[in-house]
Amino acid sequence: MAAGSAIQIPSRLPLLLTHEGVLLPGSTMRTSVDSPRNMQLVRSRLLKGTSLRSTIIGVIPNTSDPTSDCDDLPSLHRIGTAALAVQVVGSNWPKPHYTLLVTGLCRFQILQLLKEKPYPVAEVEQLDRLEQFTNQHKSEEQLGELSEQFYKYAVQLVEMLDMSVPAVAKLRRLLDNLPREALPDILTSIIRTSNQEKLQILDAVRLEERFKMTIPLLVRQIEGLKLLQKTRKPKQDDDKRVVTIRPNRRINHIPSTTEDEEEEADNDDVVMLEKKIRTSSMSEQALKVCLKEIKRLKKMPQSMPEYALTRNYLELMVELPWNKSTKGVGKTSVGRSIAKTLGREFHRIALGGVCDQSDIRGHRRTYVGSMPGRIINGLKTVGVNNPVFLLDEVDKLGKSLQGDPAAALLETAASCLVLDPEQNHGFTDHYLNVAFDLSQVLFIATANTTATIPPALLDRMEIIQVPGYTQEEKIEIAHRHLIPKQLEQHGLTPQQIQIPQVTTLDIITRYTREAGVRSLDRKLGAICRAVAVKVAEGQHKETKPDRAEVDEEDCKEHVTEDAKTESISDTADLALPPEMPILIDFHALKDILGPPMYEMEVSERLSQPGVAIGLAWTPLGGEIMFVEASRMDGEGQLTLTGQLGDVMKESAHLAISWLRSNAKRYQLTNASGSFDLLDNTDIHLHFPAGAVTKDGPSAGVTIVTCLASLFSGRLVCSDVAMTGEITLRGLVLPVGGIKDKVLAAHRAGLKRIIIPRRNEKDLEEIAVNVRQDLTFVMASCLDEVLNAAFDGGFAVKPRVERLNSKL
């Protein structure tokens, strides 16, 4: 070979041992790396190297790397291929491994193995010269007759293939442009040959020898194609017609006019897909992108992985409802009711636990397994461009290394472009990479709390508070919806079971404590299951005595009648055969559901000073909250327990500071009679339950009342609950969640509620029957709160002046 301007490989090369295939110079091979030495080579050499020289490795064929790095290396194949590592891809499934894409450069011979660990390194001698093929190859006279013969067979083989395929046309051009000495290795790697044959070509160091060994391989491939064409001779004319027509249509973009060509286009899936794209109502930008992709698809072999990806993308673009709307009426759940009332399709997107922004925005098509996001997938599912989308549990979005979905909602995928109707006309999914108009979509998001929603995202939403149900509403929901549903699910009828409203009220007050009806539904299901078992047992006992004689049946009928009489007299004993319908009373509830989970303990817990009832708001509704205080000898410290947040701790410090400054007005003293309430006195404030985190300013008035009761020795009224924020000057400020808090007090059987005067307007949201059962005290300062919380008021006591005699 001519020297020309040659490129020299390093004299020392790290060796990659492979037995999967044979890499020839000028060809490309993808190989899997999972053995210890090969893995160490990839990590130490390829992944950490920074120069081009570090990516050149020696690929040794027909040699297996031992499964353990403790084992000795096998005998290495003498000839190898110096290769350039083009791509390294790592994976952990099913076990850690790398996939390498390597391109062969030249042959080399191993002179000496320098080391075996952590990966083999050898001193090598370059056998081929790496020509920089910038000049025209050698003239035909210099190459000789052998080279001409090889070139003739190579051209004959390529021209027997379909030249309309881009890869075939490119190979034909390579035959004319590449030097003849490089063609044997390249063609051997392309045509169908065994690894043993490739290994023989690799070992052929002399160029003349390679030509002689490759020519029979080309002849064999040519004869195989000729035989294949003979077997397909009936279809040869059709194949030629396709070959001659398709290139003209693709290059010139001239639509077919004859009937034969139109029939052929109808049968061609790609042409049909192009017709759908041109007749769709997508935007001009999307149409331009799709036509560009369909042009690429026509030139792409079906065997390429990108062919399927591109086709799936185009089919999705065609199926999207770019300009399709619907109309209709109906009513189901809240979200579906809105959708059907508006005459739109409904689609729910569950966001709870979503921690990858690609779930919202979609994956870019450059990734393997890419797909559109949930919004575009939802539009494809409903098939219209104006559905109602329910973004469920938007407050439970997570975060991960793959990005923040809430930020994706906030940025291009949802908030600015989806939830903001002023900007969502141009939503761009990563998979589509073209804008899609979402301005006709109605988005409804659900959440239990707004505290975990980013403020910027929350700013794009119109908040509708859905408060908890009253006891009367729960009873109606249970008897109109929940009980009929449970009877149907358990195969029961109203003739077999009766649940009076008083029993439903017992379940609501003594077995559940929630803003909704989910636990109530579960308790009713447990009752229906217990009754279904008794009904089945009764039917089994009725069919059991069929084989007995008549006299015995008569006797058993008398026994059964006696037992039935006893069961009627004792309705709590469900172990006996039931009489229909089975009446569910308090005794039956205790047998089925167990002892009551919640008892009305308000009066018992307020039997000593230093206890008051507050009202708190939670994501599941309102709750009553006891505040307990005690005092002891100490150094004036204030201890707070109950998993309190910073705001509630500040409220406690505010309360004790206000009481200390007004102790003389109310004649409040510590155990030693001093008006300095913390003088040699420690105070401990506790907020049960201790395992539940609590925070917020609304417990301020409750803490003041609790401490006032502790230092005055008076009991707080047992039917009073309160809520409100306080200031250092003794003012009572408004708080939120009034409706939920009032409903919680009503569920607990309380009669009087103290709320800030500025929250009086919120009482209009409460049902009339609930307001009639309660007495509301509006307070604007702590003096009014204390007067309402204690029997007989908590008036300011005049200070008695003592006269000291100077006589």
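Every value quoted in this text rests on a predicted model; they were computed, and no experiment measured them. (Residues numbered from 1 in each chain as written. Predicted model: local features only at pLDDT ≥ 70, side-chain atom pairs only at ≥ 80, totals over all residues. Heavy atoms only, no water.)

**A closer look at the overall build of the protein**
Right, on to step 1. When you go through the protein residue by residue, the secondary structure sums to 29 helices and 24 strands.
Right, on to step 2. Looking at the protein as a whole, 42% of its 807 residues qualify as buried.
Right, on to step 3. For the protein, the exposed surface amounts to about 43800 Å²; the carbon and sulfur share of it is 51%. (Helix = DSSP H or I, 4+ residues; strand = E, 2+ residues; numbered from the N terminus. Buried < 20%, exposed > 50% of the residue type's maximum accessible area, 1.4 Å probe, protein only. Areas by Shrake-Rupley, 256 points an atom, 1.4 Å probe, with all protein chains shown as cover.)

**A short note on the pattern of salt bridges**
Once their charged atoms are close, side chains differing in charge can pair, the charge on each being opposite to the other.
Right, on to step 1. Considering all chains together, one arrives at 26 salt bridges under this definition.
Right, on to step 2. Glutamate 274 is the salt-bridge partner of arginine 278, the closest N and O atoms lying 3.1 Å from each other. Here glutamate 274 and arginine 278 lie together in helix α9 (residues 269-279), a separation of four residues that amounts to about one turn.
Right, on to step 3. Here glutamate 537 and lysine 534 are joined by a salt bridge, their closest N and O atoms 3.8 Å apart. Taken together, the residues glutamate 537 and lysine 534, both in helix α20 (residues 518-543) and three residues apart, mark about one turn of the helix. (Salt bridge = Lys/Arg side-chain N within 4 Å of Asp/Glu carboxyl O.)

**Remarks on the nonpolar core**
Right, on to step 1. By size, the foremost hydrophobic cluster in this structure holds 44 residues, and its most contacted members are Leu685, Ile703, Leu707 and Ile754.
Right, on to step 2. Sorting the residues of this core by element identifies β17 (621-633), α24 (646-661), α25 (663-666), β19 (681-686), α26 (700-712), β20 (720-722), β24 (775-779) and α29 (782-789) as the ones contributing at least two each.
Right, on to step 3. Beyond its immediate sequence surroundings of up to four residues, isoleucine 754 is in contact with Val720, Ala721, Met722, Thr723, Val777, Ala779, Val785, Ala788 and Ala789. (Core = buried A, V, L, I, M, F, W, Y, C linked by side-chain atoms within 4.5 Å. Contact = heavy atoms within 4.5 Å.)

**Remarks on a negative patch on the surface**
Right, on to step 1. Among the surface-exposed residues, Asp69, Asp71, Asp72 and Glu116 lie close enough to one another that they form a single negatively charged patch.
Right, on to step 2. Its place among the elements puts aspartate 69 in the loop between β4 (56-60) and β5 (79-91). (Patch = residues over 30% accessible without salt bridge, like charges linked within 9 Å, V, L, I, M, F, W, Y side chains within 5 Å. Lys, Arg positive; Asp, Glu negative; His and termini not counted. Charge placed at Lys NZ, Arg CZ, Asp CG, Glu CD.)

**What to know about a nonpolar patch on the surface**
Right, on to step 1. A grouping of Val334, Ile338 and Leu342 is seen on the molecular surface, where their side chains present a nonpolar patch of about 250 Å² in accessible area.
Right, on to step 2. Position of isoleucine 338 among the secondary structure elements: in helix α12 (residues 334-341).
Right, on to step 3. Residue classification places isoleucine 338 among the partly exposed positions, given a relative accessible area of 31%.

**Quick look at the pairing of strand β3 (residues 28-33)**
Right, on to step 1. Alternating positions in β3 separate cleanly, Met29, Thr31 and Val33 being buried on one face and Thr28, Arg30 and Ser32 remaining unburied on the opposite face.
Right, on to step 2. Of the pairings in the sheet, the one linking β3 to strand β6 (residues 97-115) comprises six bridges and is antiparallel in character. Paired with threonine 31 across the strands is leucine 100, a residue of β6. (Pairing = 2+ DSSP bridges.)

**Some remarks on the packing of aromatic side chains**
Right, on to step 1. In total, this model carries five aromatic pairs according to the counting rule given.
Right, on to step 2. Relative to tyrosine 431, the ring of tyrosine 313 has its centre 5.7 Å away and its plane inclined at 65°; by these criteria the two rings are edge-to-face. In this pair, tyrosine 313 sits in helix α11 (residues 305-319) while tyrosine 431 sits in the loop between β11 (427-428) and β12 (435-436), placing the two residues 118 residues apart along the sequence.
Right, on to step 3. Residue classification places tyrosine 431 among the buried positions, given a relative accessible area of 6%.
Right, on to step 4. Residues tryptophan 658 and tyrosine 666 carry aromatic rings whose centres are separated by 6.0 Å and whose planes lie at 45° to one another, so their mutual orientation is tilted. This pair shows no difference in class: tryptophan 658 is buried, exactly as tyrosine 666 is.
Right, on to step 5. In this structure, lysine 115 packs its charged tip against the face of tyrosine 119, placed 5.2 Å from the ring centre. (Phe/Tyr/Trp six-rings, centres within 6.5 Å; stacked < 30°, edge-to-face > 60°. Lys NZ or Arg CZ within 6 Å of the ring centre and 35° of its normal.)

**So, the confidence of the model for the protein**
Right, on to step 1. Of all residues in the protein, 80% attain a pLDDT of 70 or more, and the chain-wide mean is 78.
Right, on to step 2. Averaged over each element, pLDDT in the protein is lowest for helix α7 (residues 236-252) (36) and highest for strand β23 (residues 752-756) (94).
Right, on to step 3. Confidence drops under pLDDT 50 across residues 235-267; counting only partners more than four residues distant or on other chains, this segment forms 25 contacts.
Right, on to step 4. Confidence over residues 411-417 falls short of pLDDT 50; this stretch has 31 contacts with residues more than four positions distant or in other chains. (pLDDT = per-residue confidence, 0-100.)

**Thoughts on the sheet that holds strand β9 (residues 346-350)**
Right, on to step 1. Taken together, the three strands give an open sheet; going across it, the order is β9-β10-β13, and neighbouring strands pair in parallel fashion. Two strands close off the open sheet at either side, each with one partner strand: β9 and β13 (442-445). Across this sheet, the average inter-strand angle for adjacent strands is 20°, counted without regard to direction.
Right, on to step 2. Relative to strand β10 (residues 388-392), β9 runs parallel, the two sharing five bridges. Within β10, the residue paired with histidine 347 across the bridge is phenylalanine 389.
Right, on to step 3. Each of β9, β10 and β13 touches α12; the most contacted strand, β9, lies at about 145° to it.
Right, on to step 4. Running over the sheet, helix α14 (residues 374-382) touches β9 and β10 and is turned about 150° from β9. (Axes fitted to C-alpha atoms, helices over the stretch in contact; angles between N-to-C directions.)

**Looking at the pairing of β4**
Right, on to step 1. Here β4 lies mainly inside the structure; five of its five residues are buried.
Right, on to step 2. A two-sided burial pattern is seen for β4, the buried positions comprising Ile56, Gly58 and Ile60 on one face and Ile57 and Val59 on the other.

**Here's the deal with the packing of α26 against α29**
Right, on to step 1. Orientation of α26 relative to α29, taken along the N-to-C sense of each, is 60°, at an axis distance of 10 Å. One way to sum up the angle between α26 and α29 is to call them oblique. Two packed elements cross with a definite hand, and for α26 against α29 that hand is right-handed. In this structure, α26 contributes Val701, Val704, Thr705 and Ala708 to the contact, and α29 contributes Leu782, Val785, Leu786 and Ala789.
Right, on to step 2. Classifying every residue of the contact of α26 with α29 gives seven nonpolar, one polar and no charged. (Parallel < 35°, antiparallel > 145°, perpendicular 65-115°, else oblique. Left-handed = near helix turned anticlockwise from the far one by under 90°. Nonpolar A, V, L, I, M, F, W, Y, C, P; charged D, E, K, R; others polar.)

**Quick notes on unusual backbone geometry**
Right, on to step 1. Proline 118 follows lysine 117 through a cis peptide bond whose omega is 0°.
Right, on to step 2. Inspection of the secondary structure assignment puts proline 118 in the loop between β6 and β7 (121-126).
Right, on to step 3. Positioned with a positive phi, asparagine 433 is a non-glycine residue whose angle comes to about 65°.
Right, on to step 4. Mapped onto the secondary structure, asparagine 433 falls in the loop between β11 and β12.
Right, on to step 5. Judged by relative accessible area, asparagine 433 falls into the exposed class, the value being 51%.
Right, on to step 6. Even without being glycine, glutamine 643 reaches a positive phi, approximately 55°.

**Let's talk about α12**
Right, on to step 1. Taken together, the buried positions of α12 are Gly335, Ser337 and Ala339.
Right, on to step 2. Structurally, α12 contributes buried residues whose contacts are with β9 and β10.

**Some remarks on the packing of helix α4 (residues 183-190) against helix α6 (residues 207-231)**
Right, on to step 1. Between α4 and α6, whose axes approach to 10 Å, the crossing angle comes to 30°. Our pair here, α4 against α6, has a crossing hand that is left-handed. Contact residues: α4 offers Pro184, Asp185, Leu187 and Thr188, while α6 offers Arg210, Phe211, Thr214, Leu217 and Leu218.
Right, on to step 2. Its residues placed into classes, the contact of α4 with α6 shows five nonpolar, two polar and two charged.

**Here's the deal with the side chain of arginine 210**
Right, on to step 1. Relative to the helices and strands, arginine 210 is located in helix α6.
Right, on to step 2. Polar side-chain contacts of arginine 210 include one of 3.0 Å to the backbone oxygen of alanine 204.
Right, on to step 3. With near-sequence residues (within four places) excluded, arginine 210 lies in contact with Arg107, Asp128, Glu181, Pro184, Asp185, Ile201, Ala204 and Val205. (Polar contact = N/O pair within 3.5 Å; in protein donor to acceptor, adjacent residues only side chain to side chain.)

**Quick word on helix α22 (residues 586-593)**
Right, on to step 1. Regarding α22, the residues found buried are Ala588, Leu589 and Leu593. One side of α22 holds all its buried residues, which, seen down the axis, span an arc of 105°.
Right, on to step 2. Structurally, the start of α22 carries an N-cap: the backbone nitrogen of histidine 587 is 3.3 Å from a side-chain oxygen of aspartate 585.
Right, on to step 3. Just past α22, the residue glycine 594 takes up positive phi, approximately 90°. (Arc of directions from axis to C-beta.)

**What to know about the environment of lysine 664**
Right, on to step 1. Looking at where lysine 664 falls in the secondary structure, it is placed in helix α25.
Right, on to step 2. For lysine 664 and aspartate 676, which are 12 residues apart along the polypeptide, the C-alpha to C-alpha distance reads 9.0 Å.

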